[in-house]
Amino acid sequence: MIATRPFNWDASDAADEALYAANAGNPALFDADGNRKKLDPANSDHKDLIDEWFRLYAKHGGEVEDPNVPPEDPPDKPVKPCEDDELILVGLTEWIKDVKIVNGVPVVKKVEADDPMQDRRQYINGRLADFEDGDHSNYGRRLQVTAQVRWKSGKKSDLAGHSIHFRFEPFPGNRENLPAELQHSNLFESEDELSTDAKGFTSQAKFELSQYGGDRFRIRATLKTGGTGELVSGVFTAWRRVPFTVDTMDNADGTDRATHLLGQRVVTTFARNYVELVGPTRDDLHPIYKNVMHSDDDENYVFDNSLTKDPDGLGFVFADLVASNPEDEDANFPAAKYVVRKRWVPKVGFLAMPPYRRIASATWKHFSGKWATFPLDNISAMGHSNGFDVNIHFDLSGVKGLNPKRRVKVKLKIQVFQSLGGFQNHDGWLFVASRHYGGGHIEQNYVDSICIHEAGHAFGVAAENTPEGTKNGHVMDWAGHCSNGDKSCIMYKSSANASDFCYVCSDMLRARDLKSLPLEWDAPYSKSGET
Amino acid sequence: MMRLNQDQFDVFRDFARANFYKKTACDLTERFPVETRAFDDLQLAELVATAGDRGQACGVTSAYDIRRFAECLLVHGMTFPDGETHGWARDVLENGKMTGRAKMNMLIQLECFQGRPTP
């Protein structure tokens, strides 16, 4: 090997340093005082060192060539021997359509995308221009590639009309028996062969990945006429990418009321099912990218409708307590406003065991009188150790119109709340409790399980039907809970002991495209014809 | 098969040589944009022709090696190898025991190792 001009002096310096470092103490390179000696091409002791130097020079970016390859022909030799030329398949290029809005008008142009020879995740739920990073090629189920040929001699003519066969190869282990609209496909109009044009390019070969997280594919292009050669693309793996935001509940003084946030186990659990959670994606004044759920008074925390998230993503809201009032017709909270109540302590006696009860109102009357309001401040309740029996004490002093010498009837309205770990509101907002209604903090591991469970609902599991379209025999109720494995699935109604999806829910999750969230448990796996 | 007479062969030889000058000039322009800035196409072709003549005199005859000789003219000046500072190159080019290829290889190695301060 020998260097070509112009020399790369940076590579030369690097080669020097490497060579002398590797040959410390070598008398061919160092004198008796340890000073370096220059390499000398006329010195036979330096021959191997010079060869090594040129290898290092090349390694550090210098250009080299083999000086023995070029022939000894003079520049004016008019007759050149004929060479057998060869057609070579040189590469695959991926093209996508890039839609930009110019002066309010959508303009579509073809854009060269990422190198299809590299492995990558293909986010099958993505659409063009969905993400700001401008990297569009790995979004969507569709792949579009062209192949290129050239002559080995560099000849520019006779490049048209050569056939290249394309094959879209699924890997062993891909999901079988998917319905047609979820399967992978070639999108050729005719046979799987395309011909080259005058510049050596084929038209676009189009393929579609399956809609199943974890399925893998690659493209094989084979030259059929005029030469030999085969190219194999990188591996395309079907994934779904879902952005999320994080909101937390603050006290009125700005301190955090929520004590937990999204744990890494949530991210890794969904990654095992080929869902890449990306976020938090919001940036605001808080240092860890959280928006804030404000309190309107000391008791009620009202969901602020100005909070925003990606319309097709998830919004995790970490609250203090989460409870539902079964008396409300819509126990899952109306869409416009959500109230997450903190427990009413210490105003009235708190009854510690679930279901949680509160004295909502009290009225009193004398025997033949009319019912009147009995002030709640005059009632105190003491719970027994079993949590259910209660002694209630009524302080009759100061109640206007009440004659303590006469018999008094008091009617209590008891409000019962069901404590929840979390819920989703069908707009992609997921509420997660930090504390039990009974008082103690919920452990981080269980908070993570709540996040996974609620996100599972938003992703359409446990689904009514399997990907094949048969009924899911493990679904418990209309809310999309799973009874598989004796409560061991994280989508069980009460998921205290479960940490992961069962194999049935995992299968359904992997078959969801997750394009438009949230999904209902009975949502179909695809709209017919949509990719 | 058609046979050519000497005159016809000479025409083809001149054509091939002119083609070589032009192609080498383009190659030099691409790889040495700074050094060739002051040259027009004709001047560059003449530089290559000069490299050919001087190379021939030193036993450097192949198209590949004449191209490398032309690089020397570009990098070391049009007086190469006759300038005052070109003694190191003359010692090599006038060595009757070396082939033209070996001479041009040696010049590159001397430039890489001897032409700079001790590393």
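Residues numbered from 1 in each chain as written. Chains lettered and ligands numbered in written order. Predicted model: local features only at pLDDT ≥ 70, side-chain atom pairs only at ≥ 80, totals over all residues. Heavy atoms only, no water.

Draft legend 1. Highlighting the interface of chain B and chain A. Every contact between the two is made by 33 residues of chain B and, on the other side, 33 residues of chain A. Approximately 3,000 Å² of surface area, both sides summed, lies buried where chain B meets chain A, with 60% of it carried by carbon and sulfur atoms. Summed over the shared surface of chain B and chain A, the number is 4 salt bridges. Put simply, E65(A) and R67(B) hold a salt bridge, and the shortest N to O gap is 3.9 Å. The tally of links from chain B across to chain A stands at 10 residue pairs in polar contact (both at pLDDT 80 or more). If you list the elements that add at least two residues to the side of chain B that touches chain A, you get α1 (6-31), α3 (63-76) and α5 (100-113) of chain B. Each residue belonging to the side of chain B that touches chain A can be placed in one class, and the counts come to 17 nonpolar, 6 polar and 10 charged. (Contact = heavy atoms within 4.5 Å. Buried area = accessible area lost by both parts, 1.4 Å probe. Salt bridge = Lys/Arg side-chain N within 4 Å of Asp/Glu carboxyl O. Polar contact = N/O pair within 3.5 Å; in protein donor to acceptor, adjacent residues only side chain to side chain. Helix = DSSP H or I, 4+ residues; strand = E, 2+ residues; numbered from the N terminus. Nonpolar A, V, L, I, M, F, W, Y, C, P; charged D, E, K, R; others polar.)

Draft legend 2. Structural view of the environment of K413(A). Along the polypeptide, K413(A) turns up in strand β24 (residues 408-419). In this structure, the C-alpha to C-alpha distance between K413(A) and A360(A), residues 53 residues apart in sequence, is 5.4 Å.

Draft legend 3. Spatial organisation of the environment of W88(B). All names here are of chain B. On the secondary structure map, W88 appears in helix α4 (residues 87-93). Look at W88 and you get partly exposed, because its relative accessible area is 29%. Each C-alpha atom of the pair W88 and Q114 lies 9.5 Å from the other, and the pair is 26 residues apart in sequence. In this structure, W88 is in contact with H76, L107, L110 and E111, ignoring residues within four places of it in sequence. Looking at W88, its side chain comes within polar contact range of the main-chain oxygen of T85, at 3.1 Å. (Buried < 20%, exposed > 50% of the residue type's maximum accessible area, 1.4 Å probe, protein only.)

Draft legend 4. Molecular detail of the side chain of E454(A). Residue and element names in this part refer to chain A. Looking at the element boundaries, E454 is found in helix α4 (residues 444-458). No salt bridge is formed by the buried E454. Its closest oppositely charged neighbour is K493, at 12 Å. The contact partners of E454, leaving out residues within four places of it in the chain, are G422, F423, Q424, L430 and F431. (Lys, Arg positive; Asp, Glu negative; His and termini not counted.)

Draft legend 5. Highlighting the nonpolar core. Formed by 45 residues in total, the largest nonpolar core has its most connected members in F270(A), L314(A), F316(A), F459(A), F501(A) and C505(A). Those elements that place two or more of their residues in this core are β13 (236-249), α3 (264-271), β14 (275-278), β17 (314-319), β26 (429-433), α4 and α5 (503-511) of chain A. Counting residues per element, this core draws most heavily on α4(A), which supplies 6 residues. When neighbours within four sequence positions are excluded, F270(A) is seen to be in contact with V275(A), L277(A), I452(A), A455(A), G456(A), F459(A), F501(A) and L509(A). Grouped together as the second largest cluster of nonpolar side chains are 25 residues, A45(B), A70(B), L74(B) and L93(B) included. (Core = buried A, V, L, I, M, F, W, Y, C linked by side-chain atoms within 4.5 Å.)

Draft legend 6. Just the packing of aromatic side chains, in detail. Following the criterion strictly, the structure yields 14 aromatic pairs over all chains and no others. Between the aromatic rings of W239(A) and Y274(A), the centroid separation amounts to 5.2 Å while the plane-to-plane angle is 75 degrees, which identifies the pairing as edge-to-face. In this pair, W239(A) sits in strand β13 while Y274(A) sits in the loop between α3 and β14, placing the two residues 35 residues apart along the sequence. Residue classification places Y274(A) among the partly exposed residues on the basis of a relative accessible area of 24%. Ring centres 5.2 Å apart and planes at 90 degrees place the aromatic pair F270(A) and F459(A) in the edge-to-face group. Separated by 189 residues along the polypeptide, F270(A) in helix α3 and F459(A) in the loop between α4 and α5 bring together distant segments of the chain. Residues F270(A) and F459(A) agree in their burial class; the two are buried. Put simply, the rings of W53(A), F54(A), Y57(A) and F113(B) pair up and form one aromatic cluster. (Phe/Tyr/Trp six-rings, centres within 6.5 Å; stacked < 30°, edge-to-face > 60°.)

Draft legend 7. Just the packing of helix α2 (residues 47-59) of chain A against α5(B), in detail. Interaxial distance between α2(A) and α5(B) falls to 12 Å at its minimum, and their mutual angle equals 75 degrees. Classed by the angle they form, the pair α2(A) and α5(B) counts as roughly perpendicular. Residue-level contacts link I50(A), W53(A) and F54(A) of α2(A) to Q109(B), C112(B) and F113(B) of α5(B). Across the contact of α2(A) with α5(B), the residue classes break down as 5 nonpolar, 1 polar and no charged. (Axes fitted to C-alpha atoms, helices over the stretch in contact; angles between N-to-C directions. Parallel < 35°, antiparallel > 145°, perpendicular 65-115°, else oblique.)

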